[in-house]
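Listed here are the chains, written in short residue letters.
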Amino acid sequence: MLEYSMLYPKTTASRRAVCMDGMWNFQLDWKEEGVTSGWCEGLPQPDQIPVPASFQDFYTEKDIREYAGDFWYEKEMFIPGEWEGMKVFVRFGCATHRAEVFVNGVKVTEHEGGFLPFTADVTDIVRYNMPNKVVVKVNNELRVTNIPVGTTVTLANGKKMAKPYFDFYNYSGLQRSVYLMAVPQEYVFDITTDYEICGRDAKVSYKIATTGEHHVEVTLVDEDGNVAARAQGKEGVLEVKDAHLWEVRNAYLYRMQVRIMEGSQVLDEYEEEIGIRTVEVKDTSILLNGKPVYLKGFGKHEDSDIVGRGFNIGVMKRDFELMKWIGANSFRTSHYPYSEEIYKMADREGFLIIDEVPAVGLFESLMNFMEASTGKQTAFFEKDTTPILLKNHLHAVEEMIARDKNHPSVIAWSLLNEPETTSEAAVPYFKEVFDKAHELDVQKRPRTFALVMNSVPGVCKCHQFSDIVALNRYYGWYVKGGHEICDAREMMIQEMEGWKAMNLNKPFIFTEYGADTLVSEHKLPSVMWSQEYQNEYLQMTNEVFDSFDFIKGEQIWNFADFQTTEGIMRVNGNKKGIFTRQRQPKDIAYKLKERWENLPVDY
Ligand code: GCB
């Protein structure tokens, strides 16, 4: 069990949640003096910066954008007198990649991992009816012991620079909302649900963790506000008559109200929106509520102009509108768990999510998409640092499942992206990660990982861990692109024949395939990078998908163009977007729309 509750901050009859988003003081620690000079008590010369946001794209100086090291945030928070006697927390939606938090100069918590929330208990430190000061030291260096994996180098001018083993830009900072929270001493700490559909009815089993011994009551309320079921106790079953199921693109959400009671007095009240649905893999099918579903959608990124990876509610809305317009039903949170608000919206809109832990870069190369195809081996899982990496990886899996387990939209866990699976050394590492996810998830959702180009039949040592085999494939782009696309097609078919011959009896999905395309380029006949080529590429891959019946999904790379590290492989970012970074369609979007709107759900 984690030290702090992962429940999303909410104001209820017994709780308070105050959002601390807005302008915060901000200072980069160029001389690495913050710790010794006592910046935890207050920043000497701060600038002001918005939270939530990545800090990088606000500034015009390149040294700031590329800054690697410690940087500090500071804000005053007023703690109301009425909160005295309650437990008071400060909760960070994320701090990328690691943080130490100080309140009134006292260290209250630290956290490693840049894409999951953490909470500091500040009850004994805050002064009531007075302003208090929160200071956060964030660090964005990449290391081989942490996920996502990379290194940090020192340049000739003495400045540090992050070197990711992945292509997305190393955006960082307080990229998600910060909340000040007050809860009663005895409070709801965790809620876990599981579902069984019995004809027209359903059983919702639940488990509630609280911080005391008082009695718990649970009420399930339907979308019309009627009570659908009640139960008593910290563990039990809600029997729902004529259950309204949560279906793909046809969501139905019940409110699960949890109350801790002392006689007739409510000590704490928390409400979680849930959807009644089951997920299962059977033979080569992915079943939602017992019915086969074919995944259509994207690998995405949290990425947009100006705020970088910062949560942007407007961009979120636009992305869902575009996904609905194009006929998608799913996405993968490549390559890290996204902001909680995005899962809530997917719950509401009936989208299916493959939830990915930030385990990307487990292959020693900035361009693993290229180098994996060359036969390069990096002995990634054979290093002295591997046990520390594994420990951090397992912790992130635990945090992700604790945070996201009750979202009906989450139908699978992706536990790594493109790791090196060509050596036996990967096997025990995978076993621990996959076992952990299975142990922690009461719903036993399918587990997967995205296989890099060289993880092919007969070579990949780890595909057996996957309940759904997920392939990232770039035949026709990194391999045999342009006029050689006919050879790419043959290679792709040959690989799929190889998998078929293994008779794995599992569903396969494509979690990545795509071609970089500049929205400015049209050329007849096509050339790579033109919109015409992206269309040809799509047609080729679709023909292959359509010839193997064990392929149960296609999530194209990427939903939108996104920022990457600069270099000769990228034209100011990865341009495989179906939409531009500003969320306007490329030509291919219309082709995908035509295909996806016409594919049956269980195709
Ligand atoms: C991959 C990676 C993804 C890259 C993509 C590409 O295999 O998983 O993070 O962005 O290839 O476009 O090269």
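Note that the structure is a prediction, hence the values are computed from the model and not measured.

What counts and how
Residues numbered from 1 in each chain as written. Predicted model: local features only at pLDDT ≥ 70, side-chain atom pairs only at ≥ 80, totals over all residues. Heavy atoms only, no water. Domains from an automatic or database assignment. Buried area = accessible area lost by both parts, 1.4 Å probe. Salt bridge = Lys/Arg side-chain N within 4 Å of Asp/Glu carboxyl O. Polar contact = N/O pair within 3.5 Å; in protein donor to acceptor, adjacent residues only side chain to side chain. Phe/Tyr/Trp six-rings, centres within 6.5 Å; stacked < 30°, edge-to-face > 60°. Helix = DSSP H or I, 4+ residues; strand = E, 2+ residues; numbered from the N terminus. Buried < 20%, exposed > 50% of the residue type's maximum accessible area, 1.4 Å probe, protein only. Expected span 1.5 Å × (residues − 1). Contact = heavy atoms within 4.5 Å. 1 Å grid on protein atoms, 1.4 Å probe; cavity = no way out; pocket = protein on both sides within 12 Å on 5 of 7 lines; lining within 4 Å. Points joined across faces, edges and corners; volume = space filled by probe spheres on them.

Asker: Before we go on, may I ask you to explain the domain arrangement of the protein in this structure?
Answerer: By a widespread convention, an interface's size corresponds to the accessible area lost as its parts come together. Examined at the domain level, the protein breaks down into domain 1 (16-183), domain 2 (188-274) and domain 3 (293-598). A separation of 34 Å is found between the C-alpha centroids of domain 2 and domain 3. Interface area, domain 2 with domain 3, both sides summed: about 1,400 Å², of which 53% is carbon and sulfur. For the domain 2 face of the interface with domain 3, the top three residues by lost area are Trp246, Val248 and Arg249, together amounting to 43%. Inspection of the region where domain 2 meets domain 3 yields three salt bridges. Its salt-bridge partner being arginine 348, residue glutamate 273 comes within 3.2 Å of it at the nearest N-O pair. Counting across the domain 2 and domain 3 interface gives 10 residue pairs in polar contact (both at pLDDT 80 or more).

Asker: Help me understand the packing of aromatic side chains in this model?
Answerer: Aromatic ring pairs are defined here through the distance separating the ring centres and the angle between the ring planes. Applying the stated criterion to the full structure yields 43 aromatic pairs. Between tryptophan 24 and tyrosine 73, the aromatic rings sit 6.4 Å apart at their centres with planes inclined by 85 degrees, giving edge-to-face as the arrangement. Within this pair, whereas tryptophan 24 is found in strand S2 (residues 22-28), its partner tyrosine 73 is found in strand S4 (residues 70-79), the two being separated by 49 residues in sequence. Look at phenylalanine 508 and phenylalanine 550: their rings are 5.0 Å apart centre to centre, the planes differ by 80 degrees, and that puts the pair in the edge-to-face class. Placement of the pair is phenylalanine 508 in strand S29 (residues 508-512) and phenylalanine 550 in the loop between helix H8 (531-545) and strand S30 (551-557), with a sequence separation of 42 residues. The same class applies to phenylalanine 508 and to phenylalanine 550, which are both buried.

Asker: Whenever I open this one, the pattern of salt bridges confuses me. Can you help?
Answerer: Side chains bearing opposite charge may pair, as long as their charged atoms lie close to each other. For the coordinates displayed, the defined rule picks out 50 salt bridges. The closest approach of N and O atoms between glutamate 141 and lysine 160, which form a salt bridge, is 2.7 Å. Separated by 19 residues along the polypeptide, glutamate 141 in the loop between strand S9 (130-139) and strand S10 (150-154) and lysine 160 in strand S11 (residues 160-164) bring together distant segments of the chain. Since its relative accessible area comes to 12%, glutamate 141 is described here as buried. With a shortest N-O distance of 3.9 Å, arginine 489 and glutamate 490 are connected by a salt bridge. The exposure class assigned to glutamate 490 is partly exposed, which follows from its relative accessible area of 46%.

Asker: Looking at this structure, how should I read H8?
Answerer: One full turn of an α-helix is made of 3.6 residues, so residues set three or four places apart face in the same direction. The first and last C-alpha atoms of H8 sit 21 Å apart over 15 residues, in line with the 21 Å expected at 1.5 Å per residue. Taken across its 15 residues, H8 has 11 buried, putting it largely inside the fold. Those residues of H8 lying buried are Gln531, Tyr533, Gln534, Asn535, Tyr537, Leu538, Met540, Thr541, Asn542, Val544 and Phe545. Residues of H8 that are buried make contact with helix H7 (485-501), S29, S30 and helix H9 (587-598).

Asker: Got a minute to help me understand the side chain of glutamate 512 in this structure?
Answerer: Position of glutamate 512 among the secondary structure elements: in strand S29. Classification of glutamate 512 as buried rests on a relative accessible area of 4%. A distance of 2.8 Å separates polar atoms of two side chains, one belonging to glutamate 512 and the other to arginine 332. The residues touching glutamate 512, leaving out its near neighbours within four places in the chain, are Arg332, His335, Asn417, Glu418, Leu471, Asn472, Arg473, Tyr474, Gln555 and Trp557.

Asker: Explain the layout of surface pockets here, please?
Answerer: Over the atoms rolls a probe the size of a water molecule, and in doing so it shows where empty space is left. The computed volume of the largest pocket comes to approximately 520 Å³. If you trace the largest pocket, you find 24 residues lining it, with Met1, Asp190, Thr192, Lys405 and Leu440 closest to the centre. Sorting the residues of the lining of the largest pocket by element identifies strand S13 (188-198), strand S14 (201-210), helix H5 (386-404) and helix H6 (426-440) as the ones contributing at least two each. Broken down by element, the residue count for the lining of the largest pocket peaks at six residues, all from S13. Both domains that meet at the lining of the largest pocket, namely domain 2 (188-274) and domain 3 (293-598), each give it at least three residues.

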